[in-house]
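Chain by chain, the residues run as shown.
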Amino acid sequence: MNKKIIALLFAVLLCVASIIPVFATSDYGYVIDEAQLLSESEFEELTDLCSEISKRQKMDVVVATVSTLDGEDVVKVADCFFEELGYGYGDNKDGVYLLIDMDSRGWAIERTGFGEQAFTDAGIDYMAEQFKPLLGDEEYYKAFE
């Protein structure tokens, strides 16, 4: 009987331990630099900037880079990427998200909730005019800033 209780407790602990990493990986932060375009200090500075803007504006501001989307269209991926990662501030999931695919050199800006009103198509076109030359010059931090 004692061995059964110990085995049951061990099984419960094992189940709880296997769940914890799932919760830990759901918080990706404001900057995801999978393509490793930023230095450590640039990553920290950009994270602080996005965090400050997000809290002040009550809207997630996120920058993500990937090495490749394996041929998938960056706009289509961006449409669901940030929702699947759990981004969005408040009940309306307010946010603006920049996704860069280094393989295709594609980019997309996704807007959710209030972000759809705050970042118009004309506003996104203007932002693109500002950051695209910097991306081409490999000045990634300046482009994201």
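Predicted model only: the values in this text are computed from it and were never measured.

Caption draft 1: Looking closely at the overall build of the protein. Secondary structure summary: the protein contains 6 helices and 4 strands in total. When the helices and strands of the protein are read in sequence order from the N terminus, they spell out α-β-α-β-α-β-β-α-α-α. Across the protein, contacts joining residues at least 24 apart in sequence account for 57% of those joining residues at least 6 apart. Accessible area for the protein stands at about 9600 Å²; split by element, carbon and sulfur atoms hold 57% of it.

Caption draft 2: The confidence of the model for the protein, seen in detail. Overall, the predicted model of the protein reaches an average pLDDT of 83, with 81% of residues at or above 70. Per-residue pLDDT stays below 50 along residues 1-26; that stretch engages in 1 contact with residues further than four places along the chain or on separate chains.

Caption draft 3: Spotlight on the sheet that holds strand E2 (residues 60-66). Strand order in the open sheet formed by 4 strands is E1-E2-E3-E4, with mixed pairing between adjacent strands. Each edge of the open sheet carries a strand with a single partner, namely strand E1 (31-33) and strand E4 (106-112). The mean angle between the axes of side-by-side strands here comes to 10 degrees, regardless of whether they run parallel or antiparallel. The pairing of E2 with strand E3 (residues 95-101) spans 7 bridges and is parallel. Looking at E3, one finds that Thr 65 is bridged to Ile 100. On top of the sheet, helix H5 (residues 121-136) reaches E3 and E4; it is set at about 145 degrees to E4, its chief contact.

Caption draft 4: Looking closely at unusual backbone geometry. Despite not being glycine, Gln 36 shows a phi value in the positive range, around 55 degrees. Mapping Gln 36 onto the fold places it in the loop between E1 and helix H2 (40-57). With a phi close to 60 degrees, Glu 138 is a non-glycine residue in the positive phi region. Topologically, Glu 138 is positioned in the loop between H5 and helix H6 (140-144). Residue classification places Glu 138 among the exposed positions, given a relative accessible area of 54%.

Caption draft 5: Seen up close, the packing of aromatic side chains. On inspection of all chains with the given rule, the structure shows 5 aromatic pairs. When the ring of Phe 81 is compared with that of Phe 82, the centres are 4.9 Å apart and the planes differ by 85 degrees; the resulting orientation is edge-to-face. Across the pair, Phe 82 and Phe 81 agree in class, each one buried. When the ring of Tyr 87 is compared with that of Tyr 97, the centres are 6.1 Å apart and the planes differ by 50 degrees; the resulting orientation is tilted. Of this pair, Tyr 87 sits in the loop between helix H3 (74-84) and E3 while Tyr 97 sits in strand E3, and the two are 10 residues apart along the sequence.

Caption draft 6: Seen up close, the side chain of Thr 112. Note on placement: Thr 112 falls in strand E4. The class of Thr 112 is buried, set by a relative accessible area of 19%. In this view, Thr 112 contacts Lys 93, Asp 94, Gly 95 and Tyr 97; residues no more than four positions away in its chain are not counted.

Caption draft 7: Quick look at the layout of surface pockets. Computed from the structure, the largest pocket encloses a volume of approximately 430 Å³. Along its surface, the largest pocket is lined by 23 residues, and Val 61, Met 127, Ala 143, Phe 144 and Glu 145 are the ones closest to its centre. Considered class by class, the residues forming the lining of the largest pocket number 19 nonpolar, 2 polar and 2 charged.

Caption draft 8: Highlighting the nonpolar core. If you look at the biggest cluster of nonpolar residues, it comprises 38 residues, and the most contacted ones within it are Leu 46, Phe 82, Leu 99 and Phe 144. Mapped onto this core, the elements with two or more residues apiece are E1, H2, E2, H3, E3, E4, H5 and H6. Ignoring sequence-local partners within four residues, the contact set of Leu 46 consists of Val 31, Leu 38, Val 63, Tyr 141, Phe 144 and Glu 145.

Cut-offs applied
- Residues numbered from 1 in each chain as written.
- Predicted model: local features only at pLDDT ≥ 70, side-chain atom pairs only at ≥ 80, totals over all residues.
- Heavy atoms only, no water.
- Helix = DSSP H or I, 4+ residues; strand = E, 2+ residues; numbered from the N terminus.
- Contact = heavy atoms within 4.5 Å.
- Areas by Shrake-Rupley, 256 points an atom, 1.4 Å probe, with all protein chains shown as cover.
- pLDDT = per-residue confidence, 0-100.
- Pairing = 2+ DSSP bridges.
- Axes fitted to C-alpha atoms, helices over the stretch in contact; angles between N-to-C directions.
- Buried < 20%, exposed > 50% of the residue type's maximum accessible area, 1.4 Å probe, protein only.
- Phe/Tyr/Trp six-rings, centres within 6.5 Å; stacked < 30°, edge-to-face > 60°.
- 1 Å grid on protein atoms, 1.4 Å probe; cavity = no way out; pocket = protein on both sides within 12 Å on 5 of 7 lines; lining within 4 Å.
- Points joined across faces, edges and corners; volume = space filled by probe spheres on them.
- Nonpolar A, V, L, I, M, F, W, Y, C, P; charged D, E, K, R; others polar.
- Core = buried A, V, L, I, M, F, W, Y, C linked by side-chain atoms within 4.5 Å.

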